[in-house]
Amino acid sequence: MKRRFRLRFGELNPVKFVSVVALILCIETGFAYGKELPPVKIGAAGPFTGDLSKIGLDALNAIQMAVEEANAEGGINGRKIEVAIGDDMGDPSKGVLVAEKFAMDKNVLGVVGPMNSATASAALPAYDRAGLVIISQSATNPDLSERGYRVMHRICPRDDAQGPAAARFIAEEIKAKNVYIIDDKGTYGQGLADQVAAALNQIGVKVTRGQITLEDRDFSPILTRVKATQPDLVYLGLSNPAQAAGLMKQAVGLGLSTKFMGGDCMKERDQLVAGAGGAAEGMYITAIGRDIAEVPAAREFIKKFEGKYGAMSVFSGQSYEATKILIEALRTAAGDNPAGLTRAKVLDAVDNIRDYKGIMGFPISFDGKGDVVGASIYVYQVENGDFREVKEYPAEVR
Amino acid sequence: MEQILAQFPQQVINGLTLGSVYALLALGYSMVYGILRMLNFAHGDVFMVGSLIGWGVLQLFIKEGPAMARSGLVLVSMVCGAVIVTSALGGAIERFAYRPIQKGSRLTTLISALGASIILENVAMLLTQGRAKAYQTELIISSDWTISALGATVSATRLIIICVSIMLMLVMDYAVTHTMLGKAMRATSQDREAAEYMGIRTQQVISAAFIIGSGLAGIAGVMIGLYYTQVDFMIGFSAGMKAFTAAVLGGIGNIRGAMAGGLVLGLAESLGVLFLAPVYKDVIVFSVLIAVLILKPQGILGKPVDEKV
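Residues numbered from 1 in each chain as written. Chains lettered and ligands numbered in written order. Predicted model: local features only at pLDDT ≥ 70, side-chain atom pairs only at ≥ 80, totals over all residues.

Novice: What exactly am I supposed to notice about the overall build of chain B here?
Specialist: The helix and strand inventory of chain B stands at twelve helices and four strands. Its C-alpha atoms give chain B a radius of gyration of 20 Å, near enough to 19 Å, the size a compact globule of 309 residues would have. With respect to the three principal axes, the spread of C-alpha positions in chain B is 60 × 50 × 35 Å. Per-residue burial over chain B gives 51% buried out of 309 residues. Of the contacts made within chain B by residues no fewer than 6 positions apart, 78% connect residues no fewer than 24 positions apart. (Helix = DSSP H or I, 4+ residues; strand = E, 2+ residues; numbered from the N terminus. Rg over C-alpha atoms; globule rule 2.2 N^0.38 Å. Buried ≥ 20, exposed ≤ 12 C-beta atoms within 10 Å, placed from the backbone. Contact = placed C-beta atoms within 7 Å.)

Novice: Is there a simple way to think about the overall build of chain A in this case?
Specialist: The secondary structure content of chain A amounts to 13 helices and 14 strands. In terms of overall dimensions, chain A has a C-alpha envelope of 85 × 55 × 40 Å along the principal axes. Taking the intrachain contacts of chain A between residues at least 6 apart in sequence as the baseline, contacts between residues at least 24 apart amount to 70%.

Novice: What is the right way to read the sheet that holds strand β9 (residues 259-262) of chain A from this model?
Specialist: Across a sheet, strands are paired by hydrogen bonds formed along the backbone, either parallel or antiparallel in direction. All names here are of chain A. Pairing within the open sheet is mixed, and its seven strands lie in the order β7-β6-β8-β9-β10-β13-β14. The open sheet has two free edges, formed respectively by β7 (206-211) and β14 (386-394), since each of these has just one partner strand. Pairs of neighbouring strands in the sheet enclose a mean axial angle of 25 degrees, with direction left out of account. Across four bridges, strand β8 (residues 233-237) lies against β9 in parallel orientation. Each bridged residue has a counterpart across the sheet, and for Leu-236 the counterpart in β9 is Gly-262. Along the sheet, helix α7 (residues 187-203) makes contact with β6 (178-183), β7 and β8, crossing β6 at roughly 165 degrees. Lying on the sheet, helix α8 (residues 220-229) is in contact with β6, β7 and β8; it crosses β7 at an angle near 170 degrees. (Pairing = 2+ DSSP bridges. Axes fitted to C-alpha atoms, helices over the stretch in contact; angles between N-to-C directions.)

Novice: When you look at the packing of helix α4 (residues 92-104) of chain A against helix α5 (residues 117-130) of chain A in this model, what are you seeing that I'm missing?
Specialist: Each pair of packed helices can be summarised by the angle the axes make with each other and by the distance between the axes. Residues and elements named next belong to chain A. Direction vectors running N to C along α4 and α5 enclose 25 degrees, while the axes themselves pass 8 Å from each other. Comparing the axis directions of α4 and α5 gives the class roughly parallel. For the crossing formed where α4 meets α5, the hand is right-handed. Each of Pro-92, Ser-93, Gly-95, Val-96, Val-98, Ala-99, Glu-100 and Ala-103 in α4 lies in contact with α5, whose residues at this interface are Ala-118, Thr-119, Ser-121, Ala-122, Ala-123, Ala-126, Tyr-127, Arg-129 and Ala-130. Classifying every residue of the contact of α4 with α5 by side-chain character gives eleven nonpolar, four polar and two charged. (Parallel < 35°, antiparallel > 145°, perpendicular 65-115°, else oblique. Left-handed = near helix turned anticlockwise from the far one by under 90°. Nonpolar A, V, L, I, M, F, W, Y, C, P; charged D, E, K, R; others polar.)

Novice: Can you help me understand the confidence of the model for chain A in this one?
Specialist: When pLDDT drops low, the exact placement of atoms in the prediction is not to be read closely. All names here are of chain A. On average, residues of chain A score 87 in pLDDT, and 91% of them are at 70 or above. Low pLDDT, under 50, characterises residues 1-10; the stretch is placed with zero contacts to residues that sit more than four places away or in other chains. Scored below 50 in pLDDT, residues 30-34 makes one contact in the model with residues more than four places away or belonging to other chains. (pLDDT = per-residue confidence, 0-100.)

Novice: Please explain the nonpolar core as it appears in this structure.
Specialist: Note on soluble globular proteins: their nonpolar side chains tend to be buried together. In this structure, Leu-330 of chain A together with Leu-25 of chain B are the most contacted members of the largest nonpolar core, which totals 215 residues. Ranked by residues supplied to this core, first place goes to helix α9 (residues 202-228) of chain B with 15 residues. Split by domain, the residues of this core number at least three in each of domain 2 (40-157 + 296-366) and domain 3 (160-287 + 378-394) of chain A. (Core = buried A, V, L, I, M, F, W, Y, C linked by C-beta atoms within 7 Å. Domains from an automatic or database assignment.)

Novice: Help me understand the packing of helix α7 (residues 180-190) of chain B against α9 of chain B in this model?
Specialist: Residues and elements named next belong to chain B. Taken N-terminus to C-terminus, the directions of α7 and α9 make an angle of 105 degrees; their axes are 10 Å apart at the nearest point. Relative to α9, α7 is oriented roughly perpendicular. Residues Leu-181, Ala-184, Met-185 and Thr-188 of α7 touch α9, and the partners they reach there are Thr-202, Val-205, Ala-208 and Ala-209. Along the lines of polarity and charge, the residues of the contact of α7 with α9 split into six nonpolar, two polar and no charged.

Novice: What should I look at first to understand the interface of chain B and chain A in this one?
Specialist: By convention, interface size is frequently given as the accessible area that disappears when the constituent parts associate. In this assembly, 31 residues from chain B lie in contact with 32 residues from chain A. Of all elements in the fold, only α1 (2-36), β2 (146-149), β3 (152-155), α10 (235-250) and α11 (255-275) of chain B reach the threshold of two or more residues within the side of chain B that touches chain A. It is α1 of chain B that provides the largest number of residues to the side of chain B that touches chain A, a total of seven residues. A per-class count over the side of chain B that touches chain A returns ten nonpolar, 18 polar and three charged.

Novice: Help me understand α11 of chain B, please; the structure alone is not making it clear to me.
Specialist: Owing to its 3.6 residues per turn, the α-helix brings residues three or four apart onto one side. Taking 1.5 Å of rise per residue, the 21 residues of α11 of chain B would be expected to cover 30 Å, and the 31 Å separating its terminal C-alpha atoms lies within 8% of that figure. Among the 21 residues of α11 of chain B, 16 are classified as buried, and the element is accordingly described as predominantly covered. (Expected span 1.5 Å × (residues − 1).)

Novice: Would you mind going over the pairing of β2 of chain B with me for this structure?
Specialist: All names here are of chain B. The pairing of β2 with β3 spans four bridges and is antiparallel. Note on β3: the bridge partner recorded for Ser-148 is Thr-153. In this antiparallel pair of consecutive strands, β2 and β3, the connection spans two residues, and Leu-150 shows a positive phi of 55 degrees.

Novice: Sorry, what's going on with the domain arrangement of chain A here?
Specialist: All names here are of chain A. In terms of domain boundaries, chain A breaks down into domain 1 (2-32), domain 2 (40-157 + 296-366) and domain 3 (160-287 + 378-394). In this structure, domain 2 and domain 3 have C-alpha centres spaced 29 Å apart. Each partner contributes residues to the interface: domain 2 has 15 residues there, and domain 3 has 17 residues. Secondary-structure elements contributing two or more residues to the side of domain 2 that touches domain 3 are α3 (53-72) and α5. The element contributing the most residues to the side of domain 2 that touches domain 3 is α5, with three residues.

Dropping the structure here:
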């Protein structure tokens, strides 16, 4: 072995070696300076495997669909667009790795996501260091845009708009006096539960709180506690609709008959309504966007999406919209010179998006913090296995 | 205080339900450890496979028509399907993951067990696309079939779980103490070499232990599916940890100990929640384990280890 190795080494003369390397380098750079520009990459960050993969994959499908459509229209002034996939599994530590991966790839000029508040919160500093603009379709935790990171943008209203709206509905429409709030200790779940609890306390509704963990499958312990306080309503600050479905089914098994209410990510036909059997019937859900099935401009998107990937899930429409907005910003930033695109130009262009009319049913602009302007909070109720809109509140942060 | 008293009966029922499932799983752990002195970390994942198979069988029946009228048949088919697959899986794991390296160090088999566990989890993730699968328990066991007593609601599902588990445990106990296979198992666990000299085919005994243990895990999987009403590819991990804890708690290698350990663990988990927030239930479980290990290192029913000369 040793001998052969030596022999080979002897054959490779250093001058030859250096010239081969130099030649390879020349060819490589030659390609880069050829007439074909490298594709612009849009990062897609979200939970594409793991507990939340159903929601994540349907978002990714929508992102890819938006990009394919843009490419069919000629991309960014002739420059192709590609999706760079960053699977964070909904795990904050992986969210940071995804951000760093995108930051290192100089062709990634903007990111759709991260989808979860916890991953967004962890990854924000890394995106900020890289000057890489992000547009989240579903991260609702208020803190995200309060920390002063310029790259942060989102097209969903914040939990401090959603929480008070939910509380108003609980007090004014359901007229509940005694509410039990369960959360999953996550950035999103607990954050939303905190907002609802604070708003309910202000109105004077009695609130009792309890927690589970994201890994829990057995909810009898907490439900037994809930039963002892005999609440008029149980509010679920959970990020996994499948978990909510399991919880409501187990509540039936324990003889606990009460109304349930949950946050925006519960609006899932497959995981929540079908998953809970009949147990989700009558449940209230606050949503951070109108059911796009009711928006005329979205009809074509829905038809195309459902024809290709099957039933839409809760954030498919928002993911498509966020991607379209990013592509629009890329086009504005590129102008006539797609080779001169930089992250800084794209960030400026996203900041300057005004009244973008897409499929969400309201014109989208961003305020100075990157929060969306003009959104509403909708309350839906599960009726005959479908969602029916029962109330609309303007999304205001007090 | 009043609230705590009101919750007490219900939490006891919760604890018994969960405890009897832990006990069934712990049996499999303990049997294998007793005979081979190895920890079969893939056991929790065999349980997960069982619950998914049960789900699959249930879907077949639901597709065919209303399942409620034949709920007995559906339940039996779910259990049979799960047991057949998990027993075969248990046998295969023993044959391919453990037997080739049986003569190696204990660490080697432990790593092989972890490998088997990772493979099972990932295959299940791919097949289910990582999604939770809903058990339509309400379609075969009506949610109206409940008994309320002393403020506790005992659903038919819980009753079935508790009764079936206790029955299986009694059968297992009888089998280990009164049948030839049980005798062979005990002999192999005491001294494999000597057992072989006495004409016991120890390799077959080992296979049998894996197959029976995995079959029990399959039944436990179906029952937990009916109880949680939802399963996914990750349930094996935490269930495996709890079952392992139960086995150690009762004295690992000891069949009756495993059953006692499971019940104690389930009750500790549920009753602990009376005084602490439910998020701490795992903390309670592992605190009980640590306390038992400090006070009685060999476990509740374990015998002190004799030093071999």
